[in-house]
Each structure stands twice: as C-alpha cells, then as structure tokens.
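Listed below, chain by chain, are the residues.
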Amino acid sequence: MLAFRSPLVGESPAFEQVIRTIEKISQTDSTVLITGESGTGKELVARAIHENSTRADKPLVTVNCGAIPAELLEAELFGHIKGAFTGAIQNRVGRFELANGGTIFLDEVGELPLHLQVKLLRVLQTRQFEAVGSSKTMEVDVRIICATNRNLEEAIEKREFREDLYYRLNVIPVKIPSLRERKSDIPVLIQHFVKQFNEVTGHSVEAPSGQIMEALAAYDWPGNIRELENLMERMVILKGQGTVDLGDLPHRIFQQYAESRPAGAGALSEWEFPRMVLPNSGVDLRNIVAAFENHLIDQALARTNNNKNRASELLQMNRTTLVEKLRKRGMITAMPKREDMKSPMAGMGMNSLDNG
Ligand SMILES: Nc1ncnc2c1ncn2[C@@H]1O[C@H](COP(=O)(O)OP(=O)(O)OP(=O)(O)O)[C@@H](O)[C@H]1O
Ligand SMILES: [Mg+2]
C-alpha cells in the first residue's frame, strides 16, 4: 500500500479521524457518502480518495446533481442515443461511461430527482444502465463517491429521498466537521493559505499572529474553509506585504472578537491605552508612536467602511490630515475624483480606501 498523500491541511483530532477513514477506504471500491456543511472540503476529500486509489490513473468524473436541470440530468449521467428526444441530434456518451475504470463523484446527490434515484440504485446494485432512448444495457466499472450538505435522513422523512438508496450510498459515511468544531485547525490553515497566496502573487504578507490570530480563532466561520481561504486571498492581495492589523479584518470578524472578549479584557470597541513597559534597552519612540497611530487609523477606517470623513471624525482630526497620512504610507496614490470613489471592495472592511 502506497503512502497516503493529500492536499488536505488540518491536525485537529476530529480532522485526523477523517483522514484516517479516507486513508483506509481509498484503496477499496466501496461507495462513499461524504457529508458536511458548505465549504468544509467535501470535493477535496472526494479527490483525495480517488487519487489514493488504484483507479488514480483513470478518470475522476464529477457531476454536480444540483447544478444540472432535472430534465437534462438523466442524459448527462447515462448518455442518450440519437433521436431520443428533440435536440438529440447524435449519440451522446454519459458521465458514467466516461468514468469507466475510474471514479464518479456525484456532488449534491440529495438534489437527485426521484426517478433518477431509482436508476442510480440499479447502477449501485448491478453497475448496469441504459442510455436515454436506448434498450441496450451497458455495464461499467466505476467507483461511486457522493456528497451532500443536505440532511438526507430529513429528506427521507419528507419522501424526497429514497431510503433504500440512502443505505446503498451510505456504506462508508465520511462526515467532515465544520471549522468551528475544529478550531485548532484555524492557525495551520491560515499559515497554509497565506503561504499559498504569497507564492501565487509574489507578495510577502506575514501570517497573522497575536491578537489578529485570536480574533480569527474566535470567529465562527459559517462558510467554513472556503470563507477562510477567500479572506486570506483578499488579505494577501490587498496588503501586499507586512503584517495584518485588526483594522484589516472584516467588520463581522472584528465584531465577534470584540464581543467574545471577557469583561476584564477591556472592550476593543472602547478606547484602550496600551499598557507598555519601557524596556531597559530603551525604545525607538518615533517608530512606536507611528505604529500606534497607524493602528488606530486602520481601525477607524475599518470601522467606518473606509469612509475617510467618518474615520477622521472618529479620530478627531482633519480629513486632509488623515488623507496626507495615508498618502505618506502609500495607501493612497493620487487624489481620486469624486466619481471614482465607489470601490467594488467597499463593504468588505478592507483598506480599499475609496469610500468617501
Ligand atoms: N482541509 C483542507 N485543507 C486545505 N484546503 C481545504 C481543506 N478543505 C477545504 N479546502 C479548500 O476549501 C475550499 C472549499 O472546499 P470544497 O470545495 O472541497 O468544499 P465543499 O464541502 O465541496 O463545499 P460545497 O458544499 O460548497 O460544495 C476549496 O478551495 C478547497 O481547496
Ligand atoms: Mg462541493
């Protein structure tokens, strides 16, 4: 048996359990049902199973059952013959046939219409089917992996999903926990994505640490890993270099962090005087004061959605002074014209600095 290889990052006990399961099952032909919230990595897990199987050099064919209109799905899955229906001007090979020898990944299998559930059940039992309009039975050698973020047991109760099919699909269940159920994976995932996007963009943003990491770890990540991945991509692209500040965090994350802090920790939404101890070796006062100033400016911008008028009010300074300071930091280049000031990034809580 070859060593198990996968691009999956995570070291929490809950995630390692998932890895152990897929490692055990990848070399078998058993049907797998992957469940988990949106963005938890179901597709990545399906691919890891295929790539670690004896079928790895054969195709992995993916069908998103929720994205293809029900009336087209049957022909998509099983193919059709010429003249089977209006518009079927020639024979068409279905995805099951394309996957022959390899693996078929039926994503969002919970969306499969009932009449196709019957057909899939037969494929699971016999590996046989007929193309639409054909009476010729075909037989394929495919491994079937399915995924869903729908609760299939509830769908069975509503009679929207066949119970017999569910048991056939659920031979090996792989449940991927949500990110909030395995928060200890957040730091390694962040490191991974920051490194990845630095490599892709040629930037050199440092992975968040300290209070920023605390804030990211406190957040619930309803969009799971996809949400975290997208945020890291944005931070690396917009920041370019240096460290991420609290002010760079989207408001929802900042908010949740501020609310999660114990009473004694001092509210982040109120003015906090940093408690600093002068080290024996002394400090570079100008640098420290500048860093402190930038930190508060960044927070004011984040909190006002980059509205410089409101940010300067929060900081009790002139808008012109604020703009001048931002220009010195290279955060604004030229004076934007009024009509240029609507940014597609406004509302993301990032320093697009174009919001008034
Ligand atoms: N453990 C992980 N390590 C690294 N990247 C991951 C991990 N899990 C997910 N990802 C990345 O997160 C993103 C979302 O993963 P994926 O598309 O597999 O999720 P999904 O569960 O299929 O989501 P959906 O239900 O919305 O289809 C992808 O870009 C994927 O590469
Ligand atoms: Mg998916």
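Here the structure is a predicted model, which means the values were calculated and not measured.

About the thresholds
- Residue numbering note: each chain is counted from 1, following its sequence as written.
- Each chain gets a letter, beginning with A, and each ligand a number, beginning with 1, in the order they are written.
- Local features in this predicted model are restricted to residues whose pLDDT is 70 or higher, and side-chain atom pairs enter the listing and the counts only when it is 80 or higher, whereas totals over whole chains, interfaces and linings include all residues.
- Heavy atoms from the whole structure form the basis of all side-chain values; hydrogens and water molecules are not counted.
- Remark: exposure states derive from per-residue accessible area (1.4 Å probe, protein chains only) relative to the maximum for the residue type, with buried under 20%, exposed over 50%, and partly exposed in between.
- Put simply, DSSP H or I for four residues or longer makes a helix, DSSP E for two residues or longer makes a strand, and each gets a number counted from the N terminus.
- Each direction from the helix axis to a C-beta atom contributes to the arc, which is the arc of those directions.
- The contact criterion used is simple: two residues touch if any of their non-hydrogen atoms lie within 4.5 Å.
- By salt bridge we mean one thing: a side-chain nitrogen of Lys or Arg within 4 Å of a carboxyl oxygen of Asp or Glu.
- Residues are classed as near a molecule or strand on a simple rule: at least one heavy atom within 4 Å of it.
- Pairs of N or O atoms within 3.5 Å make up the polar contacts considered here, provided that, within protein, one atom can donate a hydrogen while the other can accept it, and that residues adjacent in sequence are counted only when both atoms are side-chain atoms.
- Here the Shrake-Rupley method, with its probe set to 1.4 Å, supplies the accessible areas, and only the displayed protein chains count as covering residues.
- Charged means Asp, Glu, Lys or Arg here, nonpolar means Ala, Val, Leu, Ile, Met, Phe, Trp, Tyr, Cys or Pro, and polar covers whatever is left, Gly included.
- Source of the domain bounds: an automatic or database domain assignment.

A word on helix H11 (residues 251-260). For H11, the set of buried residues is Ile253, Phe254, Tyr257 and Ala258. Projected down its long axis, H11 shows its buried positions confined to an angular sector of 130°, all on one face. Each element contacted by the buried residues of H11 is listed here: helix H9 (210-218), helix H10 (224-239) and helix H12 (285-303).

In this section: the pattern of salt bridges. Under the counting rule described, the total for this entry stands at 19 salt bridges. With a closest N to O distance of 2.7 Å, Asp164 and Arg162 form a salt bridge. Owing to a relative accessible area of 31%, Arg162 belongs among the partly exposed residues under this scheme. Here Asp220 ties to Lys183 by a salt bridge, and the two come within 3.8 Å at their closest N and O atoms. One end of the pair, Asp220, is in the loop between H9 and H10; the other, Lys183, is in the loop between strand E7 (172-175) and helix H8 (186-201), and 37 residues separate them in sequence. A relative accessible area of 34% places Asp220 in the partly exposed class. Connected through salt bridges with shared partners, the residues Asp29, Arg55 and Asp141 form a single ionic network.

This part covers the site of ligand 1. Surveying the vicinity of ligand 1 reveals 18 residues, the closest of which are Val9, Ser38, Gly39, Lys42 and Glu229. Contact between ligand 1 and Ser38: an oxygen atom at 2.7 Å from a side-chain N or O atom of the residue. Here an oxygen atom of ligand 1 and a side-chain polar atom of Arg226 are 2.9 Å apart. Look at ligand 1: alone it shows 630 Å² of surface, and the protein chains cover 85% of it. Those elements that place two or more of their residues in the shell around ligand 1 are helix H2 (42-51), H8 and H10. Partitioning the shell around ligand 1 into residue classes produces eight nonpolar, five polar and five charged. If you count residues domain by domain, the shell around ligand 1 takes at least three from each of domain 1 (13-81 + 90-177) and domain 2 (180-263 + 284-341).

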